[in-house]
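# Overview (structure and organization)
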Amino acid sequence: MVFQNPVVKELVEKLRIIWALNHASALMGWDAETYMPKEGIKERALAQSEIAILKQKIILSPEIKKLVEKAEKQEDLNDYEKGVVRVVKRDIEKASKIPPEIIAEHARISQEATQYWRIAKEKNDFTIFKPYLEKIVELARKIADYLGWEEHPYDALLDLFEEGLRTRDVDRIFNYLEPRIRKILEKIMSSGRYPAEHELEKIKYDPDKLREVNIKILELLGFPLGSRARLDVSAHPFTQSMGIKDVRITTRYEGFDFKRSILSVVHEFGHALYQLQIDERLMATPIGDGVSLGIHEGQSRFWENIVGRSKEFVEAVTPILKQYLGFLKDYDAEDIYYYFNTVRPSLIRTEADEVTYNLHILLRAKLEKQLLVGEIKVDELPEIWNQYMEELIGVRPRNYSEGVLQDIHWSMGTIGYFPTYTLGNLVAAQMRHYLLNDMPDLYEKILNKDYKPIQEWQKEKIHKWGSTYAPKELLRKAFGEEYEPKYFIEYLEWKYLR
Ligand code: MG
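Because the structure is a prediction, the values reported are computed rather than measured.

On to the overall build of the protein. Along the backbone of the protein there are 21 helices and three strands. For 498 residues, the compact-globule formula gives about 23 Å, and the C-alpha radius of gyration of the protein, at 23 Å, lands near that figure. A principal-axis box enclosing the C-alpha atoms of the protein has dimensions of 70 × 55 × 45 Å. Expressed as a percentage of the 498 residues in the protein, the buried residues total 56%. In the protein, 73% of the contacts between residues at least 6 apart in sequence involve partners at least 24 apart. On the protein, roughly 22300 Å² of surface is accessible, and the fraction owed to carbon and sulfur atoms is 50%. In the protein, 73 positive and 81 negative side-chain charges are present, and the distance between their average locations comes to 1 Å.

Quick look at the structure:
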């Protein structure tokens, strides 16, 4: 039994309704992105917001508040019980600190802003989006103040997406990464060993054939398709977990550049694996879920980049690729490896390679932090964006759509989200480092399609705990340290400069 304390047990039971509402809401969200008829969107959004209001009411009820206060005072709680108290307390604080009218305003403005961001991007006209972004920044400042912060208002926003993450962590990480990544990128570009472009990027494929490939690869990885998991299609790939025994991923088929669909499947597989390997005893409790966006992205990046873009993995799946994709008949595993690993300074974050990706995040983190404290104005944003792009990555956007308007995040009112992508890359490389200590034949295992031991290791270190420990505590427990950028640099140097 993971929960023994009667007060915590009662709390967990009383909160099962929240879990059930989350379960319903997750299924409704998954459906909205996959099979729902287009015009269902209005009613679905209304239903989702009613569920959110109901959840808020329950979490802020005097009954729950009293139980949490009582649970906090209990002595000798085990780690799972402490985890429940931590997670529920955090939910109550988040729900109670921001006044309902601000939450409603945030929902309204971000809905409008997303709409106008789409139009602005399509028309390549920043002025359409500008007034909405101004409102969003203003609102973000207010929200940070309501939540409270000590060193920097950005702290309060970061914490919404990654429990315990602070501005000084983000600064430390990027100060370490920036000069090193730029140096590595320069060396890769001048050595020419990794191509900037590959002819396979342009070749068209049959989506039905590529779907077969994706399923074969998922079977190879041990993904429990049909019994506990699904693969579907959506405009943007994502993972949605209904619970520990029902985890669904999606991909897309753009019809060219087949690695994008495959690597997004392997990426989402990493997210799904985390959910699937959570201790079943935590099912339907407040801690039966992945702990944070950064830790989650670490799992997906590990499978996508460390495994999926490795020579050994490409070699392992080449027979599958050649069986279904006739146009590969004159290419060998090495050609395909270089196709999977093109490196070039580029304008669009979502298309960036693993070397340049974090520079795109650094730019966004720097800008949103400056916007928040008024160091730069929304007015100046497009020009400063372009200037930073040129300084950091060496390319300059020709228009707003491939510059400041490319990402949806700010329009949705999410400021403080971007750094979790970089945390994911760091956690992936950190896992690789410690996994290699414990399993020196890691790459042989990848080549021999022996993925179970790798997954077992991840389960023991990270997955099985769900949200029992806060992210930094989980990392300390698993690796004796917190987010640590040096392994990512070591990995890039090993892979690209050896
Ligand atoms: Mg992801």
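Looking now at the packing of helix 9 (residues 167–191) against helix 15 (residues 357–373). The interhelical angle for the contact between helix 9 and helix 15, taken along N-to-C directions, is 140 degrees, at an axis separation of 10 Å. Considered as vectors, helix 9 and helix 15 are oriented oblique to each other. In the packing of helix 9 onto helix 15, the handedness of the crossing is left-handed. For the pair helix 9 and helix 15, the contacting residues are Thr167, Val170, Asp171, Phe174, Leu177, Glu178, Ile181 and Arg182 in the first and Asn358, Leu359, Ile361, Leu362, Ala365 and Lys369 in the second. Of the residues in the contact of helix 9 with helix 15, the class split is eight nonpolar, two polar and four charged.

This part covers the pairing of strand 3 (residues 246–251). Burial within strand 3 is extensive, with five of its six residues counted as buried. Note that strand 1 (residues 229–233) and strand 3 share five bridges and pair parallel. Following the sheet pairing, Leu231 is matched in strand 3 by Ile249. Where strand 2 (residues 239–243) meets strand 3, four bridges bridge the pair, whose relative direction is antiparallel. The residue bridging Gln240 from the neighbouring strand is Arg248, located in strand 3. Counting the residues in the hairpin turn of strand 2 and strand 3 gives two residues.

Another point: the pattern of salt bridges. By the definition in use, this model includes 36 salt bridges. Measuring nitrogen to oxygen at the nearest pair gives 2.9 Å for the salt bridge that ties Asp169 to Lys472. Of the two residues, Asp169 sits in helix 9 while Lys472 sits in helix 20 (residues 471–479), which places them 303 residues apart along the sequence. Among the ionic contacts, a cluster of salt bridges with common partners joins Arg86, Arg90, Asp159, Glu163 and Arg166.

With that settled, consider the coordination of the magnesium ion. Those donors, His267 (NE2), His271 (NE2) and Glu297 (OE), are the protein atoms that reach the magnesium ion, and they lie 2.2 to 2.3 Å from it. Each donor residue of the magnesium ion lies on the same chain, and together they follow the pattern H-x3-H-x25-E. Highlighted residues: His267 in helix 11 (residues 259–276) and Glu297 in helix 12 (residues 293–307), separated in sequence by 30 residues. The exposure class assigned to His267 is buried, which follows from its relative accessible area of 9%.

Core analysis: the biggest nonpolar cluster contains 162 residues, and Phe258 and Trp303 have the highest contact counts within it. Take this core: its biggest share by element is 11 residues, from helix 7 (residues 126–147). In this structure, this core is formed jointly by two domains, domain 1 (6–161) and domain 2 (167–496), each of which donates at least three residues. Every residue in contact with Phe258, bar those within four places of it in the chain, is listed here: Tyr205, Leu210, Leu321, Leu325, Phe327, Leu328, Tyr339 and Phe340.

What the domain assignment lists for the protein is domain 1 (6–161) and domain 2 (167–496). Averaged C-alpha coordinates put domain 1 and domain 2 at centres separated by 25 Å. In this assembly, 45 residues from domain 1 lie in contact with 57 residues from domain 2. Contact with domain 2 buries surface across domain 1, with Tyr80, Tyr154 and Phe161 losing the most and accounting together for 18% of the total. At the junction of domain 1 and domain 2, the tally comes to two salt bridges.

In this structure, Asn124 takes a positive phi of about 55 degrees despite not being glycine. One can find Asn124 in the loop between helix 6 (100–123) and helix 7. Here Asn124 falls in the partly exposed class, since its relative accessible area comes to 30%. Positive phi values are uncommon outside glycine, yet Asp257 reaches one of about 55 degrees. Position of Asp257 relative to the elements: it lies in the loop between strand 3 and helix 11.

This next bit is on the environment of Ile181. Residue placement: Ile181 occurs in helix 9. Judged by relative accessible area, Ile181 falls into the buried class, the value being 0%. When the C-alpha positions of Ile181 and His433 are compared, they lie 18 Å apart, and in sequence the two are 252 residues distant. If we ignore the near neighbours within four places in the chain, the residues touching Ile181 are Val355, Asn358, Leu359, Phe488 and Ile489.

Turning our attention to the sheet that holds strand 3. Across the sheet, which stays open at both edges, the three strands sit in the order 1-3-2 with mixed pairing between neighbours. The sheet is open, and its two borders are formed by strand 1 and strand 2, each paired with just one other strand. Taken pair by pair, the neighbouring strands of this sheet meet at an average axis angle of 20 degrees, ignoring direction. Its contacts with the sheet place helix 2 (residues 16–34) against strand 1, strand 2 and strand 3, and it is angled at close to 145 degrees to strand 2.

Bringing helix 20 into the picture now. Looking only at helix 20, the buried set comprises Pro471, Lys472, Leu474, Leu475, Ala478 and Phe479. For helix 20, the angular spread of the buried residues around the axis is 160 degrees, confining them to a single face. Against helix 9, helix 12, helix 17 (419–438) and helix 19 (452–461) lie the buried residues of helix 20. Gly480 sits one or two residues past helix 20 and shows a positive phi near 75 degrees.

What counts, and where the lines are drawn
- Residues numbered from 1 in each chain as written.
- Predicted model: local features only at pLDDT ≥ 70, side-chain atom pairs only at ≥ 80, totals over all residues.
- Heavy atoms only, no water.
- Helix = DSSP H or I, 4+ residues; strand = E, 2+ residues; numbered from the N terminus.
- Rg over C-alpha atoms; globule rule 2.2 N^0.38 Å.
- Buried < 20%, exposed > 50% of the residue type's maximum accessible area, 1.4 Å probe, protein only.
- Contact = heavy atoms within 4.5 Å.
- Areas by Shrake-Rupley, 256 points an atom, 1.4 Å probe, with all protein chains shown as cover.
- Lys, Arg positive; Asp, Glu negative; His and termini not counted.
- Charge placed at Lys NZ, Arg CZ, Asp CG, Glu CD.
- Axes fitted to C-alpha atoms, helices over the stretch in contact; angles between N-to-C directions.
- Parallel < 35°, antiparallel > 145°, perpendicular 65-115°, else oblique.
- Left-handed = near helix turned anticlockwise from the far one by under 90°.
- Nonpolar A, V, L, I, M, F, W, Y, C, P; charged D, E, K, R; others polar.
- Pairing = 2+ DSSP bridges.
- Salt bridge = Lys/Arg side-chain N within 4 Å of Asp/Glu carboxyl O.
- Donors = N, O, S within 2.8 Å, 3.2 Å for Na, K, Ca; no water.
- Core = buried A, V, L, I, M, F, W, Y, C linked by side-chain atoms within 4.5 Å.
- Domains from an automatic or database assignment.
- Buried area = accessible area lost by both parts, 1.4 Å probe.
- Arc of directions from axis to C-beta.

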